[in-house]
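One-letter residues, chain by chain:
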Amino acid sequence: MIHLLFASIGVVWCLIVAWLEVEIEGKDGWAKNAPTWKYKLDGQGKLWYKPFGVEEYREPTCSLYMQKMLTWLVKYKAGGREFTGYHCAVDTFQLFVAHTVIYMLFFQSAPWWVLEMRVFAALFMFWTLEDTLWFRLNPFYKDGKLDPAWHPDWNRRWRVSKGMGMLFIQGCVIYALSFAIMPIIHLVW
C-alpha cells in the first residue's frame, strides 16, 4: 500500500511540475527565452556564461574548480544543452520535495542512507516521467511534431528517449534495492 501511495504522489507531482514548466517555457522549452543565468559549452568544449537578464555570453569569472563542475553539469545533467538558473531552482525544489515525501513516508522504517537511496531513486524515476509528460502536455509537441534536436535518441514506439528510459530503470532498481536490503539491516542490528 505504501508503494501505491508513493507512486500516486509521484505521478501527481510529475503532472504538476510538467504543467508548470509548459506554462513557463512554452513552445521553446529549456528556459530558452527566460531571463535566467545560463552556462553552455561551445563546439570546442569551452564554457560560456550568460548572466541573468543579459543577452550575450561571456567567459565565466569563477574558479577553475567551479568551471569544471559547471562543465560537468552542462554535459551530464543538462545533456549538453544549456545549464540554466531556472532548472537549477526547479531541480533544487524537487530535491527538497523528494526528501520531504520520502522521509515522511518511510522515516520510521529505514536508516537515513537507505532513505537517501529512495530519494535519488524517486528523482530518477520522476524526472523521467516529468520530462515525458512535458512533451505530452505541451500543445506544441504532440506525437508526430517532436523535434529530434530535443532528444536525438527518441524512440517513437515507446515515446521516450533511451537515456530517459535507462534513468527510469536505474531509479526502479535503486528503489527495489532499498527495500531488498532492509532484511539484511535488521539481521545485523
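Everything quoted here is computed from the prediction, not taken from an experiment. (Residues numbered from 1 in each chain as written. Predicted model: local features only at pLDDT ≥ 70, side-chain atom pairs only at ≥ 80, totals over all residues. Heavy atoms only, no water.)

**Points about the pairing of strand β1 (residues 38–41)**
Condition: Note on pairing: DSSP must find at least two bridges between two strands before they are called paired. Each helix is a run of H or I in the DSSP string that is no shorter than four residues. Each strand is a run of E no shorter than two, and both are numbered from the N terminus.
Where β1 and strand β2 (residues 47–50) come together, four bridges link them in antiparallel fashion. Looking at β2, one finds that Lys-40 is bridged to Trp-48. Between β1 and β2, which pair antiparallel one after the other, the connecting turn spans five residues, and Gly-45 there sits at a positive phi close to 85 degrees. Where β1 meets strand β3 (residues 83–84), two bridges bridge the pair, whose relative direction is antiparallel.

**A few points about the pattern of salt bridges**
Rule in force here: The term salt bridge refers to a side-chain nitrogen of Lys or Arg lying within 4 Å of a carboxyl oxygen of Asp or Glu. Residue exposure (1.4 Å probe, protein chains only): buried if accessible area is under 20% of the type maximum, exposed if over 50%, otherwise partly exposed.
The tally for this structure, following the rule as stated, stands at three salt bridges. With a shortest N-O distance of 3.2 Å, Glu-59 and Lys-46 are connected by a salt bridge. Residue Glu-59 is located in the loop between β2 and α2 (64–77), and its partner Lys-46 is located in the loop between β1 and β2; the two are separated by 13 residues in the primary sequence. Classification of Lys-46 by relative accessible area gives partly exposed; the value is 34%. We note a salt bridge from Arg-58 to Glu-56, for which the minimum N-O separation is 3.2 Å. Overall, Arg-58 belongs to the partly exposed group, its relative accessible area being 38%. Residue classification places Glu-56 among the partly exposed residues on the basis of a relative accessible area of 44%.

**Here we look at the packing of aromatic side chains**
Here a ring pair, both rings aromatic, is described through the centre-centre distance and the interplanar angle of the planes. Inclusion rule: For this analysis, a ring pair means two rings from Phe, Tyr or Trp (six-membered ring only for Trp) whose centres lie within 6.5 Å, classed as stacked if their planes differ by under 30 degrees, edge-to-face if by over 60, and tilted for the remaining angles. Placement of a positive charge over a ring is assigned whenever Lys NZ or Arg CZ falls within 6 Å of the ring centre and within 35 degrees of the normal to the ring plane.
Taken as a whole and judged by the stated rule, the model has twelve aromatic pairs. On the numbers, 5.8 Å between centres and 45 degrees between planes, the contact of Trp-72 with Tyr-76 is tilted. In this pair, Trp-72 and Tyr-76 both sit in helix α2, four residues apart, roughly one turn of the helix. Residue classification places Trp-72 among the partly exposed residues on the basis of a relative accessible area of 49%. Centre to centre, the rings of Tyr-103 and Phe-107 are 6.4 Å apart; their planes meet at 35 degrees, and the pair counts as tilted. Members of the aromatic cluster, connected to one another through ring pairs, are Phe-6, Phe-106, Phe-126, Tyr-175 and Phe-179. A cation over a ring is seen here: Arg-81 above Trp-30, with NZ or CZ 4.3 Å from the ring centre.

**Describing the nonpolar core**
Let me state the cut-off plainly: The criterion is simple. A nonpolar core is a set of buried Ala, Val, Leu, Ile, Met, Phe, Trp, Tyr and Cys residues joined through side-chain atoms within 4.5 Å. Contact criterion: two residues are considered in contact whenever any of their non-hydrogen atoms come within 4.5 Å of each other.
In terms of nonpolar packing, the biggest core is built from 19 residues, with Phe-6, Ile-102, Phe-106, Met-125, Phe-126 and Tyr-175 touching the most fellow members. Residue assignment for this core shows that the elements contributing at least two residues are α1 (2–25), α3 (85–106), α4 (112–137) and α6 (182–188). The element best represented in this core is α4, accounting for nine residues. Beyond its immediate sequence surroundings of up to four residues, Phe-106 is in contact with Ile-2, Phe-6, Leu-115, Arg-118, Tyr-175 and Phe-179. Within the second largest apolar cluster, nine residues are counted, among which are Tyr-39, Leu-41, Val-74 and Phe-83.

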